[in-house]
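Each chain is listed here by its residues.
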Amino acid sequence: MFDPISLSGKMNRRDLCKIAVGSTLSFALPGFDFKAAEKRGPERRKSVIILWMGGGPSQLETWDPHPGTKIGGPGKAIKTTMPGLQISDMYPLLAEQIESMSVIRSMVSKEGDHERGTKYFKTGYRPEPTTVYPALGAVITHQAPNPDLEIPQHISLGNTEFPARGGYLGGHLDAFRVRDPGKNIGNMRARVEPPRQNRRLENLNIVSQAFQKGRTIQTQKTLHQSTIDRALTMMSSEQLNALEIDKEPESVRKAYGDSPFGRGCLVARRLVEQGVHSIEVNLRGWDSHANNYTGHQTQAAMLDPGFSSLLKDLKARDLLDSTIVLCIGEFGRTPKINPLDGRDHWPTGFSCIVGGGGIKGNVIIGETDPTGKEKKPAEPVQIQDLYATILQKLNIDYTKELISPIGRPLALSDGNPIKKLI
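Quantities reported herein were computed from a predicted structural model and do not represent experimental measurements. Within any chain, residue numbers begin from 1 and follow the written order of that chain's sequence. Only residues with pLDDT of 70 or above have their local features reported here, since the model is predicted, and side-chain atom pairs are shown and tallied only from 80 upward, although totals for entire chains, interfaces and linings are computed over all residues. Computation of side-chain values covers all heavy atoms of the structure but excludes hydrogens and water.

K.L.:
Quick question: what am I supposed to make of the nonpolar core here?
P.N.:
As a rule of thumb, nonpolar side chains are buried together in soluble globular proteins. Joining through side-chain atoms within 4.5 Å is the link that ties buried Ala, Val, Leu, Ile, Met, Phe, Trp, Tyr and Cys residues into a set, and such a set is a nonpolar core. Partly exposed describes any residue whose relative accessible area lies between the buried limit of under 20% and the exposed limit of over 50%, with all areas from a 1.4 Å probe on protein chains only and scaled to the type maximum. The biggest cluster of nonpolar side chains holds 50 residues, and the ones touching the most others in it are L51, L157, L271 and L303. The way it works is that DSSP assigns letters per residue, a run of H or I at least four long becomes a helix, a run of E at least two long becomes a strand, and they are numbered from the N terminus. Listing elements by their share of this core, those giving two or more residues are β1 (47–54), α2 (92–95), β4 (101–108), β5 (154–157), α9 (260–274), β7 (278–284), α10 (292–316) and β8 (323–329). At seven residues, the largest contribution of residues to this core is made by α9. Boundaries of every domain are those given by an automatic assignment or by a domain database. Residues lining this core come from more than one domain, with at least three contributed by each of domain 1 (35–182 + 244–421) and domain 2 (183–243). Not counting residues up to four positions away in its chain, the partners in contact with L157 are V178, P181, L243, G264, V267, A268, L271, I279, E280, V281 and N282. The contact definition used throughout considers only heavy atoms, calling two residues in contact when any of these lie within 4.5 Å.

Here it is in structure tokens:
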């Protein structure tokens, strides 16, 4: 199994933890701080929650409306608690919670295809045939592992076609996927009593050892034994309760919304409290080539309660200072409305919301042309610059270079932090 080493060549405690994450020792090391998960406020170790909008939401029907114009469509805009910011009237709950966050209205990309755009915006690097880049969550887990965790450190909630991967850092950093968050924890518990479970494991061990004979390298590459060991540790851990929401008050569950995305946002808050640092919550269905407006109304009915309740909860529990929240998709939608009342792919000048974790709030970056004639937005922002900003706020050196499996030095990010957000 390949695991890159920093160019410094020095082996320190962090390096040992990086190795341990990919081995069966990952849960056996002593913790740096056993009280880390209980801390509140800025002294807490930071987490990142990415709300991934799969399919590419329209900037005009979310965070950059232009009502009353030729490109604005039938939507309206509403005031928010952020001075000077108006967003789509589909988001009345978020409008009340958006202060302390920032809005970028000038994200740009050169990828107009879903898969390529997703890989670019999840990794900060454009796809290329010779290198599989790691997602931001994998980079964070690799650079700042939490040895106190007995559950996965990089978790993806909700269904997605293109999940976050470990890339050249290794498959052990792929996001652990929970397709129906808050409902399907049953398959993470043993279904038989301990004696029968132990007999099954003994039999499995006999089969595994027989298979490994003469296949040492092959079995190491599959992570077979490591996966079994980590799964068994997780299944017996009380930390697994973070994935359950049944004991949350009904009013809280109702506020987030009974959708996979709403439940995912609630689980994400619980995972942050448990000490998980890299979480992705997925909401698919934004690819609105037809009936764009009604499609976005359907999506907003899930995004608005989930996103707003997440922010409200993080603030109330003094966790937003240590939790970066990013809401983004792979691109936006065209200013022009097509004959099917839809909007097509638009990788030039779209929007995202980012904040928390020390990122400066109440900032609006960029501006798009309300006539739709000018493609290039004011103050264009590249995804690698946004990720360099996030890594810097996590106290991770974004310029640090790792050696890829083919011996190529690669920086964690080749962007530069956005000055307005730091």
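K.L.:
Would you mind showing me how to read α10 here?
P.N.:
It helps to recall that an α-helix has 3.6 residues per turn; residues three or four apart then point in one direction. Here a helix's expected span is defined as the number of its residues, less one, multiplied by 1.5 Å. For α10, with 25 residues, the first-to-last C-alpha span of 35 Å sits near the 36 Å given by 1.5 Å per residue. Maximal helix bending in α10 amounts to about 35°, located at A300. Bend is computed residue by residue as the angle between axes fitted to the seven residues ending at the residue and the seven residues starting at it.

K.L.:
Is there a simple way to explain the environment of Q86 in this structure?
P.N.:
Structurally, the position occupied by Q86 is in strand β3 (residues 86–88). Placed 24 residues apart in sequence, Q86 and T62 show a C-alpha to C-alpha distance of 9.8 Å. Among all residues touching Q86, those that are not within four sequence positions of it are W63, P65, A77, I78, K79, T80 and R105.

K.L.:
What should I look at first to understand the packing of helix α5 (residues 194–212) against helix α7 (residues 224–235) in this one?
P.N.:
Two quantities define a packed helix pair, namely the angle between the helix axes and the distance between the axes. Angles here are taken between N-to-C directions and fall from 0 to 180 degrees, while the axes themselves are lines fitted to C-alpha atoms, restricted in helices to the stretch in contact. Their axes nearest at 12 Å, the elements α5 and α7 cross at an angle of 165°. Taken as axis vectors, α5 and α7 run roughly antiparallel relative to one another. Viewed along their axes, α5 and α7 form a crossing whose handedness is left-handed. Side by side, α5 and α7 meet where Q197, L201, L204, S208 and Q212 of the first sit next to H224, Q225, I228, L232 and M235 of the second. Under the scheme applied here, ten amino acids are nonpolar (Ala, Val, Leu, Ile, Met, Phe, Trp, Tyr, Cys and Pro), four are charged (Asp, Glu, Lys and Arg), and all others, including Gly, are polar. Residues of the contact of α5 with α7, tallied by class, amount to five nonpolar, five polar and no charged. To sort the angles, those under 35 degrees are grouped as roughly parallel, those over 145 as roughly antiparallel, those from 65 to 115 as roughly perpendicular, and the leftovers as oblique. Crossings are classed by handedness, with left-handed meaning an anticlockwise turn of the near helix from the far one by less than a right angle and right-handed meaning a clockwise turn.

K.L.:
Before we go on, may I ask you to explain the layout of surface pockets in this structure?
P.N.:
Empty space among the atoms becomes visible once a probe the size of a water molecule is rolled across them. Using a grid of 1 Å spacing that covers the protein atoms alone, one calls a set of points a cavity when a 1.4 Å probe fits there but cannot get out, and a pocket when the set is open and has protein on both sides within 12 Å along at least five of seven lines; lining residues are those with an atom within 4 Å of a point. Grid points are joined across faces, edges and corners, and a volume is the space filled by probe spheres set on the points. Empty space within the largest pocket amounts to approximately 470 Å³. As for the largest pocket, its lining consists of 21 residues, of which P152, H172, F176, T227 and R230 are closest to the centre. Looking at the lining of the largest pocket element by element, the count peaks at six residues for α7. Across the lining of the largest pocket, the residue classes tally to eleven nonpolar, seven polar and three charged. Each of domain 1 (35–182 + 244–421) and domain 2 (183–243) gives at least three residues to the lining of the largest pocket.

K.L.:
Sorry if this is basic, but what is going on with the pattern of salt bridges here?
P.N.:
Pairing of side chains with opposite charge becomes possible as their charged atoms draw close. Between Lys or Arg on one side and Asp or Glu on the other, a salt bridge is scored when a side-chain nitrogen of the former is within 4 Å of a carboxyl oxygen of the latter. Scanning all chains against the criterion turns up 20 salt bridges. Here K122 makes a salt bridge to E280, at a shortest N to O gap of 3.0 Å. Here K122, found in helix α3 (residues 114–123), pairs with E280, found in strand β7; they are 158 residues apart in sequence, far enough to count as distant. Each member of the pair K122 and E280 is classed as buried. Across the salt bridge formed by R165 and D174, the nearest N and O atoms sit 3.5 Å from each other. The exposure class of R165 is partly exposed, given its relative accessible area of 43%. Each of E248, R269, R270, E273, D313 and R317 takes part in salt bridges that share partners, so that together they form one network.

Geometric values such as these leave the question of function open.
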